[in-house]
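# A structural walkthrough
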Amino acid sequence: MPIAPLFSRWLPRLWRRWLLAAILLALLLLVGARVWQAYQQRVETYRHQVETALRAVSQLQAANIADWRVRHLGDAADLTNDPLLMDAVAHWAAAPTPEQTSILQERLRSLEENLRYTAAFFVDTRGVVRLDSASQARAPEPGAPQRTLDPPETQALRRALDSAQPVGVELHRSAAFAFPFFGVLAPIYGPDNGPLGAIWLVLHAQARLAPLLETLPNSNRSAESLLVRREGPWVQYLIPPRLGDAAPQDMRQIMDDAPLDVAVQAAHGERGILHGVDYRGRPVLAFASTVRDTPWILVAKVDQDEALAQAQRNEWMGMALLASLLLLLGGSAFAGWQWQARRREQALRNELQYSLHWLDSAQKAARVGYFAYYARSEEFFMSSMASAIFGLPPQERMTLRQWVAMLHPENRAEVMQVHRQALQQCSPLHTQYRIVRTCDQQERWVQVWGEYAMDPQQNTLRMTGTVQDITERRQSEEQLDRYRHTLEEQVRLDPLTQLANRRALDEALPLAWAQAQQRRRPLALLMIDIDHFKAYNDHYGHVGGDHCLQQVAAALATATQRQGELVARYGGEEFAVLLPDADSAQARVTAQRLCATVRALALEHLTSPVRHCVTISVGATCLYPENSAPAQGIALLFEQADAALYQAKNTGRDRAVLWAEQPQDATAPGP
Ligand SMILES: Nc1nc2c(ncn2[C@@H]2O[C@H](COP(=O)(O)OP(=O)(O)OP(=O)(O)O)[C@@H](O)[C@H]2O)c(=O)[nH]1
């Protein structure tokens with residue numbers, strides 16, 4: 001079975017979304033962790049590169065300084081072995097004439113200018129400074145203050161004279177100069193190898209060493225090299241630090257106070273890569289190297305922030321690029337999703353609009369509006385069609401008072417009762433009633449369907465439903481009713497004579513029979529036939545016959561006015577008269593009266609053998625229904641009436657005959 005249907009079957013839609021979001025989040029975290037790891041590796045790599053560069057710089061500069069020192073000792077060795085200098089010194093020592101002094105001074109100046117020594121002196125074997133490159137020679141005068149070498153130089157002088165080798169004096173400060181300096185004492189011997197003294201070469205430490213400590217071309221502005229030395233509990237900076245804003249010329253610091261300081265670590269004997277802070281308290285990466293043959297330590301350092309800033313910048317740029325890409329992708333996905341959602345929403349909105357429009361049209365076509373009635377506020381909220389039905393502006397609310405005022409006065413109480421009952425029982429409402437619209441005083445019929453329910457949002461009783469204008473329908477129905485009534489009347493009416501027809505007689509007879517039976521009263525039936533009507537037709541024409549029929553019918557109707565009496569055209573020129581509550585005597589009287597009435601019309605009938613006017617023959621009968629079945633009873637009525645009529649015809653016409661067992665009860669024609 002494929003996985004996708006299983007997936008969609010077992011996981012509801014909401015859970016699928018959450019699962020997808022969780023997977024995406026996990027992927028994002030995975031990518032983020034991987035990127036962070038790569039970033040850390042890159043930073044480490046870059047740190048390693050920085051440390052390698054620091055190592056190179058530190059070792060190179062330490063070697064340069066050592067070479068520099070060796071070079072100057074070599075210079076001093078050259079002086080010791082220079083015979084011309086030895087002669088000059090020997091001559092000057094023997095006779096310090098101005099000329100000899102000048103020669104020696106020239107040599108000292110040459111050392112300062114050509115070999116770039118800060119100062120050059122000649123000192124005698126006791127350590128008294130006898131000559132410099134500019135001043136006059138000084139002969140030791142008894143009691144006069146003499147400038148003598150400081151103890152380090154004095155010791156170096158002794159060692160130099162003893163070993164016949166130049167001896168360097170490490171960087172230090174003394175009252176002799178205002179700056180730290182490096183000194184070399186080159187012993188000078190006379191021709192007899194007797195010691196004459198020494199050339200004391202002085203080098204301004206900062207001026208001469210600082211160029212050697214200039215960092216190599218580097219983009220890091222914080223790169224700096226320190227030349228330090230341990231002096232007891234102190235770390236002595238031999239060259240003032242370059243970056244310190246207020247670093248004193250003679251800077252040193254107590255070691256115990258700054259254990260994290262890289263210079264202090266170096267003074268403690270740490271070598272190689274050092275992590276810590278510098279004299280400014282800034283975190284630095286450093287490399288400490290020993291300067292060969294000296295107690296000097298060279299510490300090359302760079303600010304950690306700056307050293308790694310480039311790498312971090314690059315990495316951050318990479319990460320920012322990645323993040324931008326992810327954001328772009330996420331944003332695009334989100335925008336796509338939004339776009340789709342918007343499209344869906346738009347489609348739904350269009351569909352809703354279409355449906356509403358369709359509903360509106362349908363409502364207009366059917367003249368149906370919908371409404372909601374809130375019992376608490378006693379207000380109707382209505383659709384535009386509902387408003388139109390009640391003759392109100394669109395969307396206007398209708399108050400209960402307005403609605404009551406519009407109810408037709410004849411229906412008002414009844415309608416309100418129906419509404420009240422539906423409200424009390426929360427039962428469906430289906431009713432039709434009339435309103436008189438306030439706006440135009442038009443009377444309209446409306447049909448209302450409604451249901452009461454609690455509105456969950458407003459916690460109030462609410463009826464929602466539809467209202468339909470059924471005025472035209474009601475009018476049609478009423479018209480139809482009238483038409484039907486008319487039709488029904490016409491169905492039971494003989495069109496020619498406007499009397500009831502045989503159908504009406506057939507319907508009336510069972511009712512009359514039942515009534516007579518119930519009241520135990522008699523029921524009489526007269527059957528009437530116009531005499532020699534065929535001859536009349538033949539003589540006066542069919543139209544004349546019709547006219548005759550109408551006149552006879554009208555006369556019969558006029559003559560039978562009693563309550564419940566019914567005159568019907570039975571067919572052709574035959575009529576029947578139903579006489580409820582009439583016994584035989586009454587039936588006979590009525591029959592005779594009818595004969596007389598027709599006779600009295602005096603309608604000319606020249607071809608009648610009876611007389612020269614239209615006459616009728618009547619057969620009458622009377623029955624007491626009692627327990628007889630209607631069908632048989634009615635059939636018997638007709639049978640007897642027909643028999644009586646037959647007898648009337650046979651006995652000369654123009655007469656009434658009452659049915660009897662013996663056919664003698666005939667009434668002769670009147671005058
Ligand atoms: N003008 C006209 N004649 C009708 C109508 N209905 C029936 N008739 C005529 O009535 C006549 C009845 O004639 P018959 O049944 O022979 O009876 P009669 O001529 O009246 O003779 P008796 O009944 O024996 O006196 C026929 O000629 C029918 O055509 C009608 O509606 N109009």
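One structure accompanies this document, and this report is about it. All values derive from a computational prediction rather than experimental measurement.

## Overview of the overall build of the protein
Scanning the protein from N- to C-terminus turns up 16 helices and 23 strands. Burial analysis of the protein (671 residues in total) assigns 41% to the buried set. Put simply, 56% of the contacts in the protein that link residues at least 6 apart link residues at least 24 apart. Total accessible area on the protein stands at roughly 37100 Å², and carbon and sulfur atoms take up 56% of it.

## A closer look at the packing of aromatic side chains
Going through the model one piece at a time under the given rule, you end up with 18 aromatic pairs. Both rings, one in F380 and one in W403, keep their centres 5.7 Å apart while their planes meet at 45 degrees; by these two values the pair is tilted. Within this pair, whereas F380 is found in strand 13 (residues 379-382), its partner W403 is found in helix 10 (residues 400-406), the two being separated by 23 residues in sequence. Residue classification places F380 among the buried positions, given a relative accessible area of 6%. Assessed through its relative accessible area of 4%, W403 is described here as buried. With a centroid separation of 4.4 Å and an interplanar angle of 35 degrees, the aromatic rings of Y536 and Y540 are classed as tilted. Highlighted residues: Y536 and Y540, both in helix 14 (residues 533-559), separated by four residues, approximately one helical turn. You can call Y536 buried: its relative accessible area is 8%. The class of Y540 is partly exposed, set by a relative accessible area of 25%. Following the ring pairs from residue to residue traces out a cluster consisting of F371, Y373, F380, W403 and Y433. Sitting above the plane of the W445 ring, R474 keeps its charged end 3.6 Å from the centroid.

## Re the environment of A263
Looking at the element boundaries, A263 is found in helix 7 (residues 262-267). Here the alpha-carbon distance between A263 and Y279, two residues 16 residues apart in the chain, equals 7.9 Å. Aside from chain neighbours lying at most four places away, what touches A263 is V228, V235 and Y237.

## What about the nonpolar core?
Inside soluble globular proteins, nonpolar side chains tend to come together where they are buried. Within the largest apolar cluster, 43 residues are counted, with the highest numbers of intra-cluster contacts made by I199, L201, L227 and W296. Here this core gets nine residues from one element, more than from any other, and that element is helix 2 (residues 13-80). Not counting the four nearest positions on each side in its chain, L227 is found in contact with I65, L171, L209, L213, Q236, Y237, L238, I239, V291, W296, I297 and L298. Of all hydrophobic cores here, the second largest spans 31 residues; its members include V552, V577, A582 and V618.

## Section: the site of the ligand
Surveying the vicinity of the ligand reveals 16 residues, the closest of which are F533, N537, D546, R569 and R653. Contact between the ligand and I530: an oxygen atom at 3.3 Å from a main-chain N or O atom of the residue. Contact between the ligand and R653: an oxygen atom at 2.8 Å from a side-chain N or O atom of the residue. Among the elements of the structure, strand 18 (523-530) and helix 14 are those that each provide at least two residues to the shell around the ligand. Here the shell around the ligand gets seven residues from one element, more than from any other, and that element is helix 14. Its residues assigned to classes, the shell around the ligand comprises three nonpolar, five polar and eight charged.

Basis of the calculations
Residues numbered from 1 in each chain as written. Predicted model: local features only at pLDDT ≥ 70, side-chain atom pairs only at ≥ 80, totals over all residues. Heavy atoms only, no water. Helix = DSSP H or I, 4+ residues; strand = E, 2+ residues; numbered from the N terminus. Buried < 20%, exposed > 50% of the residue type's maximum accessible area, 1.4 Å probe, protein only. Contact = heavy atoms within 4.5 Å. Areas by Shrake-Rupley, 256 points an atom, 1.4 Å probe, with all protein chains shown as cover. Phe/Tyr/Trp six-rings, centres within 6.5 Å; stacked < 30°, edge-to-face > 60°. Lys NZ or Arg CZ within 6 Å of the ring centre and 35° of its normal. Core = buried A, V, L, I, M, F, W, Y, C linked by side-chain atoms within 4.5 Å. Near = heavy atom within 4 Å. Polar contact = N/O pair within 3.5 Å; in protein donor to acceptor, adjacent residues only side chain to side chain. Nonpolar A, V, L, I, M, F, W, Y, C, P; charged D, E, K, R; others polar.

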